[in-house]
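Residues per chain are reported as follows:
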Amino acid sequence: MTFIQTLSKILPKNLLITGKEDCAPFECDGLSAYRQKPLVVVLPETIKQIKQILKVCRGFKVPVVTRGAGTGLAGGALPLENSLVLGLSKLNQILEIDPLRQIARVQPGVRNLAISEAVAQYGLYYAPDPSSQIACSIGGNVAENSGGVHCLKYGLTVHNVQAITVLNALGETVTFDYRDEGIDLLALLNGSEGLLGIIIEITLKLRPQVAKAQVIMAGFDQVEMAAKAVSEVLRQGIIPAGMEMMDHFAIKAAEDFAKAGYPTSAQALILCEIDGDERQVKQGIEQVLTIFKAAQASVLKVSQNEAERLNLWKGRKSAFPAVGRLSPDYYCMDGTIPRHQLAFVLAEIARLSKKYHLAVANVFHAGDGNLHPLILYDANQGELEKAEAFGAEILSLSLKVGGTITGEHGVGIEKLGGMCEQFSEAELATFHAIKAVFDKSELLNPGKAIPTLHRCAELGQMHVHHNQLPFPHIERF
Ligand SMILES: Cc1cc2nc3c(=O)[nH]c(=O)nc-3n(C[C@H](O)[C@H](O)[C@H](O)COP(=O)(O)OP(=O)(O)OC[C@H]3O[C@@H](n4cnc5c(N)ncnc54)[C@H](O)[C@@H]3O)c2cc1C
């Protein structure tokens, strides 16, 4: 029996998708510049079916690419040629809500926003809020250790997960819990990008809804002033619920799209949200306003009610699609830098924009130093390679100023070159050794997230330590 015939014995027809056309919706994730049709897509409804699928894949040595909602921006869920795509969208049950313990136990295919909607009746919510939260799955959030506007104060996904149950490559069920002793394997699973196990259940920490939240919108005539203002807020020990920044290009695009009331002549815009009880919010808003005034903000506005607050956020939350309207294609980068380097890095990105003749809009989680330059290009004009080279330079720049190649979107296939630059041979070997412990036969999402040393040598994108040539024993091509 062939691979697909064997699968058809264990799955009903409607859960098994074959054929080039039917598989087309699964040929890419949010990084749509890269596409690959898989051999087959399966949409299991039960854990038992996943175990059976894994057994068949092991037998036929067919790699498994797990997929949540496919909104990832680094190609993590990009199919491999001759792979099986394991779509988990049908595992979308909220299994338990315990308002007393403030936890929810959920299946991986539940949408991020659906969790907060379901627990709102108990006065609770789930804090990490990627801008894709209306669509992305919680399994994908855990696999990417996703962030969001409110992660500055409430932590990333890893800080809001109490237990994860996975199926390993052998189909065995393993649970990692925050109460476990020893090495923190729960943290290891967060951000494991589908390489270490298939996440089948997650216990999430919930939080009481905040009594009040207000957002300040501040426009600045110079990026440097805004960057200084961000640093000053945090230096004074204020932890806003979120602190986001946009440059002139992004402000204009977001305003045209969302009509949020942004000052389109400003060179930089900050949205800073303060939450807490009545007194904390009043005091926080006053403190931040003082800082923004001292930093010479040219426009200041404080939301006066919930509708105004949501409207101010609407522009920021829809900045990606807003920029998407202006160009046939855009490439979203995800470097993270020390906050004090913000103004320098933005000036360098502007220089690179001229060098590559490609426009760029900067949207970022300023409080975390997490940049999202959106590089505008037209693939039909052959500009993809230029956009990739521009993106790679931004990641190198992030490393040069003491940052990292990803803040929240993960490595996937996109940042394999950047991994070579950021990590030494010994560090990459450690990543490979961890992968082998969980999945020796390289069944789960092989080739993603961790570059081989040969690839690093070929790319010439390498971690240079004490000016010594890295991987000297590896042949160069
Ligand atoms: C408009 C837009 C805005 C975005 N904003 C943000 C943002 O603010 N913050 C942020 O962090 N990200 C953001 N993202 C990126 C993306 O939404 C997140 O990475 C999200 O967590 C991906 O979830 P998903 O369900 O779509 O996962 P997918 O794209 O399907 O998969 C992502 C990775 O996780 C693995 N995976 C998925 N499910 C499982 C599972 N159950 N078990 C094991 N591995 C699994 C896949 O193999 C893949 O490697 C944005 C994306 C878009 C398109």
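Residues numbered from 1 in each chain as written. Predicted model: local features only at pLDDT ≥ 70, side-chain atom pairs only at ≥ 80, totals over all residues.

**Side note on the overall build of the protein**
- Looking only at helices and strands, one finds 17 helices and 18 strands in the protein.
- What you see for the protein is a C-alpha radius of gyration of 23 Å, in line with the 23 Å of a compact globule of 477 residues.
- Each of the three principal axes of the protein carries a C-alpha extent, and together these read 70 × 60 × 45 Å.
- Sequence-distant contacts, at least 24 apart, represent 70% of the contacts inside the protein between residues at least 6 apart. (Helix = DSSP H or I, 4+ residues; strand = E, 2+ residues; numbered from the N terminus. Rg over C-alpha atoms; globule rule 2.2 N^0.38 Å. Contact = placed C-beta atoms within 7 Å.)

**Looking at the domain arrangement of the protein**
- Per the domain assignment, the segments making up the protein are domain 1 (3-87), domain 2 (94-208), domain 3 (212-320) and domain 4 (327-400).
- For domain 1 and domain 3, the distance between their C-alpha centres works out to 42 Å. (Domains from an automatic or database assignment.)

**Observations regarding the packing of helix α13 (residues 342-356) against helix α14 (residues 384-400)**
- Look at α13 against α14: their axes get within 11 Å of each other, and the N-to-C directions meet at 160°. Between α13 and α14, the interaxial angle falls into the category roughly antiparallel. Taken as a pair, α13 and α14 cross one another with a handedness that is right-handed. Taking contact as the criterion, the partners of Val 345, Glu 348, Ile 349, Leu 352 and Tyr 356 in α13 are, on α14, Lys 386, Ala 389, Phe 390, Glu 393, Ile 394 and Leu 397. (Axes fitted to C-alpha atoms, helices over the stretch in contact; angles between N-to-C directions. Parallel < 35°, antiparallel > 145°, perpendicular 65-115°, else oblique. Left-handed = near helix turned anticlockwise from the far one by under 90°.)

**Some words on the sheet that holds strand β6 (residues 103-106)**
- Pairing in this open sheet of five strands is antiparallel, and the strands run β5-β6-β10-β8-β9 from one edge to the other. On the outer flanks of this sheet lie β5 (94-98) and β9 (173-177), each paired with one strand and no other. Ignoring which end each strand starts from, the neighbouring axes of this sheet average 10° apart. (Pairing = 2+ DSSP bridges.)

**With respect to the site of the ligand**
- Near the ligand lie 36 residues; those nearest to it are Gly 68, Gly 72, Gly 76, Gly 140 and Gly 194.
- Of all elements in the fold, only β3 (64-67), α5 (138-144) and β10 (198-205) reach the threshold of two or more residues within the shell around the ligand.
- For the shell around the ligand, the element with the most residues is α5, which contributes five residues.
- Here the residues of the shell around the ligand sort into twelve nonpolar, 19 polar and five charged.
- No fewer than three residues from each of domain 1 (3-87) and domain 2 (94-208) sit in the shell around the ligand. (Near = placed C-beta within 6 Å. Nonpolar A, V, L, I, M, F, W, Y, C, P; charged D, E, K, R; others polar.)

**Section: the sheet that holds strand β1 (residues 16-17)**
- Within the open sheet, the four strands sit side by side as β1-β2-β4-β3. Their pairing is mixed. The outermost strands of the open sheet, each flanked by one partner alone, are β1 and β3.
- Of the pairings in the sheet, the one linking β1 to strand β2 (residues 40-42) comprises two bridges and is antiparallel in character. Looking at the pairing, Leu 16 lines up with Val 42 of β2.
- The sheet strands contacting helix α3 (residues 47-60) are β2, β3 and β4 (84-87), and the helix crosses β4 at an angle near 170°.

**Here we look at the nonpolar core**
- One finds Ile 270 and Ile 375 to be the most contacted residues of the largest nonpolar core, which totals 133 residues.
- Element by element, the count of residues in this core is highest for helix α8 (residues 223-235), at seven residues.
- Non-local contacts of Ile 270, meaning those with residues more than four positions away in its chain, are made with Ala 218, Ala 226, Ala 229, Val 230, Met 243, Met 245 and Ala 366. (Core = buried A, V, L, I, M, F, W, Y, C linked by C-beta atoms within 7 Å. Buried ≥ 20, exposed ≤ 12 C-beta atoms within 10 Å, placed from the backbone.)

**Description of α13**
- Relative to the 21 Å expected for 15 residues at 1.5 Å per residue, α13 spans 21 Å between its end C-alpha atoms, a close match to the ideal helical length.
- Every buried residue of α13 is accounted for by Leu 342, Val 345, Leu 346 and Ile 349. For α13, the angular spread of the buried residues around the axis is 100°, confining them to a single face. Across α13 from its buried face, at more than 90 degrees, point the exposed residues Ala 347, Arg 351, Lys 354 and Lys 355.
- On the buried face of α13, the contacting elements are α8, β13 (242-247), β17 (360-365), β18 (370-377) and α14.
- The first or second residue beyond α13 is His 357, which carries a positive phi of 55°. (Expected span 1.5 Å × (residues − 1). Arc of directions from axis to C-beta.)

**With respect to helix α10 (residues 278-294)**
- Spanning 17 residues, α10 covers 25 Å between terminal C-alpha atoms, matching the ideal 24 Å at 1.5 Å per step.
- Restricting attention to buried positions, one finds in α10 the residues Gly 284, Val 288, Ile 291 and Phe 292. Relative to the axis of α10, the buried residues are bounded by an arc of 95° and lie together on one face. Across from the buried face of α10, at angles greater than 90 degrees, the exposed residues are Glu 278, Arg 279, Glu 286, Thr 290, Lys 293 and Ala 294.
- Looking at the buried residues of α10, the elements they touch are β12 (212-220), α8, β14 (268-276) and β15 (299-302).
- Looking one or two residues past α10, Gln 296 carries a phi angle of roughly 65°, positive in sign.

**Quick look at unusual backbone geometry**
- Here Lys 61, not a glycine, exhibits a phi torsion of approximately 55°, which is positive.
- With respect to the helices and strands, Lys 61 occurs in the loop between α3 and β3.
- The phi torsion at Asn 145 lies on the positive side, around 50°, for a residue other than glycine.
- Counting through the fold element by element, Asn 145 comes out in the loop between α5 and α6 (151-154).
- Overall, Asn 145 belongs to the buried group, with 23 C-beta atoms counted inside 10 Å.

**Some remarks on the packing of helix α9 (residues 248-258) against helix α11 (residues 306-317)**
- Axis separation between α9 and α11 bottoms out at 8 Å; the angle between their running directions is 120°. Judged on the interaxial angle alone, α11 and α9 are oblique. For the element pair α9 and α11, the recorded crossing hand is right-handed. Residues Ala 254, Glu 255 and Ala 258 of α9 form the contact with α11, whose own contacting residues are Lys 314, Gly 315 and Arg 316.
- For the contact of α9 with α11, the residue count by class is two nonpolar, one polar and three charged.

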